[in-house]
Amino acid sequence: MAGGRIRARIRRSHLYTFACYRSPTTQEDGPHDFQGPGFSRIVYCNQPQMHEQKPLKYCTNYISTTKYNVITFLPKAIFEQFRRVANLYFLLAAVLSLTPVSPFSPVSMIAPLVFVVGLSMAKEALEDWRRFIQDMKVNLRKANVHKKDGVFALKPWMKLHVGDIVKVEKDKFFPADLLLLSSSYEDGICYVETMNLDGETNLKVKRSLETTLPLEDDQTFKDFSATIRCEDPNPNLYTFVGNFEFDRQVFPLDPSQILLRDSKLRNTAFVYGVVIFTGHDSKVMQNATKSPSKRSRIEKQMDRIIYVLFSLLVFISFISSVGFIAKTKRDLPKWWYLQVPDEDSLYNPGRPLTSGFYHLVTALILYGYLIPISLYVSIEVVKVLQALFINRDIHMYDEETGTPAQARTSNLNEELGQVDTILSDKTGTLTCNQMDFLKCSIAGTPYGMRSSEVELAAAKQMALDIDGQSQASTPQSWRKSSGAFSEVELETVISSKDERPAIKGFSFEDVHLMNGNWLKEPNADNVLLFFRILSICHTAIPEENEETGSYTYEAESPDEGAFLIAAREFGFEFCKRTQSSIFVRERYPSFQEPIEREYKVLNLLDFTSKRKRMSVIVRDENGQILLLCKGADSIIFDRLARNGRTYEEATTKHLNEYGETGLRTLALAYKKLDEAKYSAWNEEFMRAKTSIGGDREGMLERISDMMEKDLILVGATAVEDKLQNGVPQCIDKLAQAGLKIWVLTGDKMETAINIGYACSLLRQGMKHICITTMNTDAIVEDPNKAIKENILMQITNATQMIKLEKDPHAAFALIIDGKTLTYTLEDDMKLHFLNLAVGCASVICCRVSPKQKALVTRLVKEGTGKTTLAIGDGANDVGMIQEADIGVGISGCEGMQAVMASDFAIAQFQFLERLLVVHGHWCYKRIAQMICYFFYKNIAFGLTIFYFEAFAGFSGQSVYVDWYMLLFNVVLTSLPVISLGVFEQDVDSEVCLQFPALYQQGPKNLFFDWYRIFGWMGNGLYTSLIIFFLNIIIFYDQAFRPGGQTADMTAVGTTMFTCIIWAVNTQIALTMSHFTWIQHLFVWGSVVFWYLFLFVYGELTYALDVNAFRVLSEILGPAPIYWSTTLLVTVACNLPYLAHISFQRSFNPLDHHVIQEIKYYKKDIEDRHMWRNKRSKARQKTKIGFSARVDAKIRQLKGRLQKKYSSMSSNGAVAQQT
C-alpha cells in the first residue's frame, strides 16, 4: 500500500454501545430528502477544478481577522479619526483658515491636524499589520492534499479548495470542514478533540460511512470521485444534513461524519477527508463576527468633555461677537485712522451684524486652544508606550512557551483598570486538562496523605490567626490549647516530603497502599477489586515506549488517564487491548513478580453525560463474570444492593471531605453475575443493539439500567483537576479586587461544577441555584410556553430566596445550561435572568454554544452598563472576546483564533491578575490624570486669550506671538504630560498586588468623574484669572526698564506666557507621585527650553516683525519685576491645589495616600504586623476565591472548636459540682 500505513487491527466501534454504533442500512433509513434554500451546496469530491467557476465557486480557505484591507484602510481609518469630535472641529477650523477671517496662517492650522490624524492612522495600520501577520501564520500552515494519481503533497491551508482530498495525521488540526472518508482504524472511526470549538475535554468519536472504508491508502484515491449535496454554510456546530452520492448509490450524512476546522485528530494515526466548507464558510468562522471597533469609556467621556468645552468656546465666542458688534457700531466710525470699512467687509460699521458674524468665526478659531488638538496624539503616544511596557513585562513572560504578553491594540489600556465582570472560558483557560490522582476511599477507609491546595491555605491562615491576628478576640483557653488544636484539627494538611520523582497524573502518597503494602491491609480483597476496576473499566489504548518499556495511555478523558497511571503505580498495569480482551500486568499475589492476566470484555456500557457512569462486563481467568462500574456518587449510590451498602456512610463522609477540598470524585462498585442471567440479559441487549428505529438508544439505556443494579460499593476516587499555574490564586486576587467572575463553557455541567470547586468559584456550603429546562409532556399544547413559564418561575423563586436570606456569609452560585439559556436570553426574560445572576456570587453557564457566549457577554455589558472582559483560548471564544469591552486571548495554546480576535494576549490565565491589578490600575490613573491635566492647562492658556481680546476692544488681537502658541502644545507642555502618562505610579507593582482593593478606584471611576473633571476645569479657570489679571495689574502703567519705559503688548504677552509655562509645569510636578530622572528632565527641561527658545528667537531678524527683538536678553531679562512676577504668579496659581491635597491627605486620605505615607516612613519594614493587618483589610469582601473558601473553612473549624470548648467547660462545671 504505497504511501499508506498499516491499519490498526482493532475495530474500535465494538467498544461503544451509545457513541458509535452503525446500524445496517435499509430502505427505510434512506437518504435525506431536502431541497430549496439553505440546502444548495454541491461538492464534487476529488475534483476541485469543478469549483473554480460560478455557481460552484466557493470562498477560498484564506481567513482574515483584520479590521482593514488595502482598499478599506483609508476610508475606514479616516472615519475612525473623525468620529472624535475634536478632530471634526479642527478639520472645520483648518478649512476656515484658508479664508480671510482666520487670525492664524493656514499652515499653523492644517499642519497640526495632518500630523495628529496621520500619526493615529499610522498606529492603527501598525496594529492591523500585526493581526495580518498572525493570520498568515495560520493561513500558511501545511496540509497533505491529493494532487493526482494517488500522490499527496503539502499545500498551505489558504490554497485548499472545496472538493480537495486531505490526509490529516495524528495531533494535527483539521484545515477546513471535512467529510470523514476513512481512518487508520479498520472500521473507519477516529477520535477528535473539539476543545477549541466547544470547550469539551473528552474526545469525540467520529465514524465514516461504510461505503468509503475501502479508501484505506493514498493509491485508492487515484480514480475516486463522488458528489455531496448538503446544507449551506451556517454557524451551528452540532448539526449537519447532506447526502453522499457514490457508486450510483445515495447515502445519508449526519454530524458524526463531519470533522470541523480547528478541532484536532487524537488517538488515530491518520484520516482521509474531503473538503466541504472552506475559510469563512467553515462553521467555526461562521461563529465569528467581524472585528469590532472598540472605544474605552474614558475616551467616550472625553468626547462629552469636548462638547462641554466646545459649548464654552461657542459661548465666549458669542460674547466676543456681541462686544465686537457694539464696538463696530458705536466706536469704529470715530476711529477714522483705521480706514473702515475694509475690502472684505470684516470691519464695516454700516453692516455690524455681518461683521459680527465674521468675527464669530474668527473667535471660534482664535479660542480653539480651549480644545486641545494635541490631546489625542499625546494619548496615542502614551498608549503605545504603555502597550510597550505591557509587552516587555518580564512577570507576564511565559518561559515554558517563550511567549510574552501582547497588547494587540493600545486603544483600551485604561479600560483594563475599570473592569467590573470577567467572563471566562474553562478548558484551556482555567484548566490545563490534566488530572492528578490524590486520594481514595476503599471499604470505608481513607487513603492519601497529601493535601490539596485548599487545605494547605486554610492551615496557613489558621496558623496566622492563632499566632497573632485574632488573639485579642480568642478565649484564653483556646490560646492555651492552640498547639494541640493545630496538631489535631490541621493534622490532615501536613504532608511529608516526597522522596519519589514526580509522576505526571499521580500525586498520591500513602505507604499503606504503595509497594504492595496493601496486601497487609485488613480489607485487602476490596483493595484488590478497587485496583482492578481502575485498570479494567475504561476505553483507553496503551502505547508502549520502546526505549523505557513503560506505557502511556491514550484515553478519552483525562480522568481515565489518571486512573490508569494510579493503577500502574499500585501494581496493576494495563498493558494490552485486543478486539475482545484486556490484559493487565498484576503484581499480585506477589508484588515482586508481576503476572499478566487476561480479562475477556463481554460488553462495554460507555459513559454519556446523561448516564453519568460507565460499566464493563468481563470474564476473568477463573470464568467468573463481573460487572465493574464507576460513576457519579449520586448515581452509583442509587443502584446499590441492600448488602452492598456496608461502606456507604463512611464513603459518603469521605466524598464530602474531598469535595470540600476541591477534588473531583467518582464512586466505584461491582457485582458478580451468574452465567444464565447474564446470557438472558445479553440476548436482549444484542437484540436492542442491532435494532433499527428511533427508539434504539432508549431501549439500550433501559436494558443497561437493568444490569447496572444491585451493585456492591467498593470505594471512591478523588482526583485534583490540574488548573493552569496560579489560577486559584489569580481568581482569589481578582475577587479581592472586587471583580465578578462568570464561567462560560461548552463542557458538561458536572465538569464545570468540579472546575468551579477546584478554582474556588464554588465551595462547600454555597447554595447552588440550578436553572434547568423541564421535560414537557406530549399532552401540553404549547411546550415552549410551558418551558418558559417554568424557567421564569425558577428564576423568580431563586431571586426571592436571595432577597430573603438573612445570613451575611451566605453565598449563592447560579448554574445554567445552554438549552435553558436559549429561553432566558430572549427579550422578555433576559433581564430577570441578569438580575438573578448579579445577585449571585458565582455564575457558571455550561453547554453553551459560541453564539450564546457572545449573547451572554452582550447581556452583561448592556444590562449592567459596566465594563466587561472576556478571556478564552479557542475558536469557540472568538464571539465572546469580540463582544466584550475588552477581549483577552490565551496565546500559549496551539489554536490562534482567540488571540487573533483579542485586544490583549497573555500566555496563561494567571497573568490576568498583573494585567488588570497592576497595568490596568496604572493605565487608568495615568490616562485619567493626563486628560484632566490637559484640559486644565488648555483652559488656563485659552482663557487668557479671551480676557485680552475683551481687554483690547474685541478686536480679534492675540496677546501672544504665533510661535509661542504653536510651541505651547507641541513642545513646551507635551513631554511632561507624556511622562505623566507613561511613568506615573501612585504605588509600585508589589503594593498593587498586596492591596488588590486599590483596583476599585477604576470601576468606581474616582479619578475621572465629573466632580474631578470640573475641579480641574475650575483650577484652570482660577489659574487663567491669576495669570492675566496679576500681569495686567503689575505691568499696566509700571515702568520696568532702567529708561523708564512701560511694557508693550509683546513684553506683557511674553511675561504672561512665562507664567503659564511655570504654573502648568509646577502643577504637573505636584500631581506626580513617582519621579524618575526622565520626569525631571521633561518637566524642568521644558521650562529651560522656553528660556533658550526665547533667547534664540529674540536674536532672529523675524523677531523684528513682531517687536520681540532680544525680548529676553535686553527687554525682560534685566528687569527684576519680570522674575518676581513669574515667581509670585506661579506660587499664587499652585497654592490652592497644594492646600487641597494637604487637607485631603491629612483629613480624608484615599487608600493610596495611606500606603504612600507608610512606605515613605518605612513603616512596612519596621512594623510588619501593622503592614500585614493593613493588607488583610485591603481587599473587597468577597464570597468567591481561595480566601473566601479559607474563611469559610476557618469559620467551620472555629465553630467546631467553640463546641469543643463549650462541652469541655460544661464537663468541668459538672465535675466541680460532684
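This text follows the structure it describes.
These numbers were taken from a predicted model, which means no experiment stands behind them.

Engineer: Please clarify how the overall build of the protein should be interpreted in this entry.
Structural biologist: Along the backbone of the protein there are 39 helices and 33 strands. Residues classed as buried in the protein amount to 56% of the 1218 residues present. Taking the intrachain contacts of the protein between residues at least 6 apart in sequence as the baseline, contacts between residues at least 24 apart amount to 75%. Accessible area of the protein: about 52500 Å², with a carbon and sulfur share of 56%.

Engineer: Just checking my understanding: could you explain the side chain of Thr824 for this structure?
Structural biologist: Summarising the element assignment, Thr824 is placed in helix α21 (residues 818-824). Thr824 gets classed as buried once you look at its relative accessible area, which sits at 0%. The contact partners of Thr824, leaving out residues within four places of it in the chain, are Ile791, Ile795, Ile816, Met829, Lys830 and Phe833.

Engineer: Would you mind showing me how to read the environment of Ile228 here?
Structural biologist: Tracing the backbone through its elements, the reader meets Ile228 in strand β8 (residues 226-230). A sequence separation of 24 residues divides Ile228 from Pro252, and the C-alpha atoms of the two residues are 9.9 Å apart. Setting aside its immediate chain neighbours within four residues, Ile228 contacts Arg41, Ile42, Val43, Cys45, Leu179, Asn243, Phe244, Leu253, Val274 and Ile276.

Engineer: How do you make sense of the packing of aromatic side chains when you look at a structure like this?
Structural biologist: Given two aromatic rings, their pairing is described by the distance between the two centres and the angle made by the two planes. The full count for this structure, using the stated rule, is 54 aromatic pairs. Summarising the aromatic geometry, the rings of Phe437 and Phe570 are spaced 5.9 Å apart at their centres and angled 80° between planes, so their arrangement reads as edge-to-face. Of this pair, Phe437 sits in strand β16 (residues 431-442) while Phe570 sits in helix α13 (residues 558-570); the two residues are 133 residues apart in sequence, bridging distant segments of the chain. Of the two residues, Phe437 and Phe570, both sit in the buried class. A connected cluster of aromatic rings, assembled from ring pairs, spans Phe437, Phe506, Phe508, Trp518, Phe530, Phe531, Phe563, Phe570, Phe572 and Tyr588. If you follow Arg41 out to its NZ or CZ, it ends over the ring of Tyr58, 3.8 Å from the centre. For the cation-ring pair, Lys167 lies above Phe270, with the distance from its terminal atom to the ring centre recorded as 5.1 Å.

Engineer: Where do I start with the pattern of salt bridges in this structure?
Structural biologist: Where charged atoms of side chains with opposite charge meet at close range, the side chains can pair. Scanning the model with the defined rule gives 43 salt bridges in all. Note that Arg297 is salt-bridged to Asp885, the shortest N-O span being 3.6 Å. You can see Arg297 sitting in helix α6 (residues 297-330) and its partner Asp885 sitting in the loop between α24 (878-883) and β32 (886-890), a full 588 residues away along the chain. Of the residues examined, Asp885 reaches a relative accessible area of 14% and is grouped as buried.

Engineer: Which parts of the structure should I look at to understand a nonpolar patch on the surface?
Structural biologist: Taken together, the side chains of Trp963, Leu966, Phe1095, Val1096, Leu1100 and Tyr1102 present a nonpolar region at the surface, about 550 Å² in accessible area. Elements that contribute at least two residues to the nonpolar patch include exactly α27 (962-972) and α32 (1077-1099). With respect to the helices and strands, the residue Leu1100 is situated in the loop between α32 and α33 (1102-1105).

Engineer: What am I meant to see in the sheet that holds strand β1 (residues 41-45) here?
Structural biologist: Within a beta sheet, neighbouring strands are joined by backbone hydrogen bonds and run either parallel or antiparallel to one another. Pairing in this open sheet of 4 strands is antiparallel, and the strands run β1-β8-β9-β10 from one edge to the other. With one partner strand each, in any of the chains shown, β1 and β10 (249-253) form the two edges of the open sheet. Ignoring which end each strand starts from, the neighbouring axes of this sheet average 20° apart.

Engineer: When you look at the nonpolar core in this model, what are you seeing that I'm missing?
Structural biologist: Note that soluble globular proteins tend to have their nonpolar side chains buried in a common cluster. In terms of nonpolar packing, the biggest core is built from 104 residues, with Tyr960, Tyr964 and Trp1090 touching the most fellow members. Among the elements that make up this core, the one with the highest residue count is helix α26 (residues 911-951) (17 residues). When neighbours within four sequence positions are excluded, Trp1090 is seen to be in contact with Tyr964, Leu972, Thr1054, Phe1057, Thr1058, Ile1061 and Tyr1122. Among the nonpolar cores identified, the runner-up in size contains 57 residues, and Ala387, Leu761, Cys846 and Phe995 belong to it.

Engineer: Would you mind showing me how to read the side chain of Ser581 here?
Structural biologist: In this fold, Ser581 is placed in strand β21 (residues 581-586). Residue classification places Ser581 among the buried residues on the basis of a relative accessible area of 2%. A polar atom in the side chain of Ser581 sits 2.7 Å from the side chain of Glu598.

Engineer: Teacher, can you tell me more about the packing of helix α8 (residues 374-391) against helix α28 (residues 974-983) here?
Structural biologist: The angle between the axes and the distance between the axes are what describe a pair of packed helices. α28 packs onto α8 with a crossing angle of 30° between their chain directions and a minimal axis gap of 9 Å. Every pair of crossing elements has a handedness; the one defined by α8 and α28 is right-handed. Contacts between α8 and α28 involve Ser378, Val381, Val382, Leu385, Gln386 and Phe389 from the former and Ile978, Gly981, Val982 and Phe983 from the latter. Here the residues of the contact of α8 with α28 sort into 7 nonpolar, 3 polar and no charged.

Engineer: Would you mind showing me how to read the pairing of strand β4 (residues 165-169) here?
Structural biologist: Looking along a regular strand, one sees side chains alternate from face to face of the sheet. Extensive coverage of β4 is indicated by the burial of 4 of its 5 residues. Bridge count for strand β2 (residues 142-148) against β4 is 2 bridges, and the pairing is antiparallel. Within the sheet, the bridge partner assigned to Val145 lies in β4 and is Val166.

The rules behind these values
Residues numbered from 1 in each chain as written. Predicted model: local features only at pLDDT ≥ 70, side-chain atom pairs only at ≥ 80, totals over all residues. Heavy atoms only, no water. Helix = DSSP H or I, 4+ residues; strand = E, 2+ residues; numbered from the N terminus. Buried < 20%, exposed > 50% of the residue type's maximum accessible area, 1.4 Å probe, protein only. Contact = heavy atoms within 4.5 Å. Areas by Shrake-Rupley, 256 points an atom, 1.4 Å probe, with all protein chains shown as cover. Phe/Tyr/Trp six-rings, centres within 6.5 Å; stacked < 30°, edge-to-face > 60°. Lys NZ or Arg CZ within 6 Å of the ring centre and 35° of its normal. Salt bridge = Lys/Arg side-chain N within 4 Å of Asp/Glu carboxyl O. Patch = residues over 30% accessible without salt bridge, like charges linked within 9 Å, V, L, I, M, F, W, Y side chains within 5 Å. Pairing = 2+ DSSP bridges. Axes fitted to C-alpha atoms, helices over the stretch in contact; angles between N-to-C directions. Core = buried A, V, L, I, M, F, W, Y, C linked by side-chain atoms within 4.5 Å. Polar contact = N/O pair within 3.5 Å; in protein donor to acceptor, adjacent residues only side chain to side chain. Left-handed = near helix turned anticlockwise from the far one by under 90°. Nonpolar A, V, L, I, M, F, W, Y, C, P; charged D, E, K, R; others polar.

These figures capture arrangement, not role.
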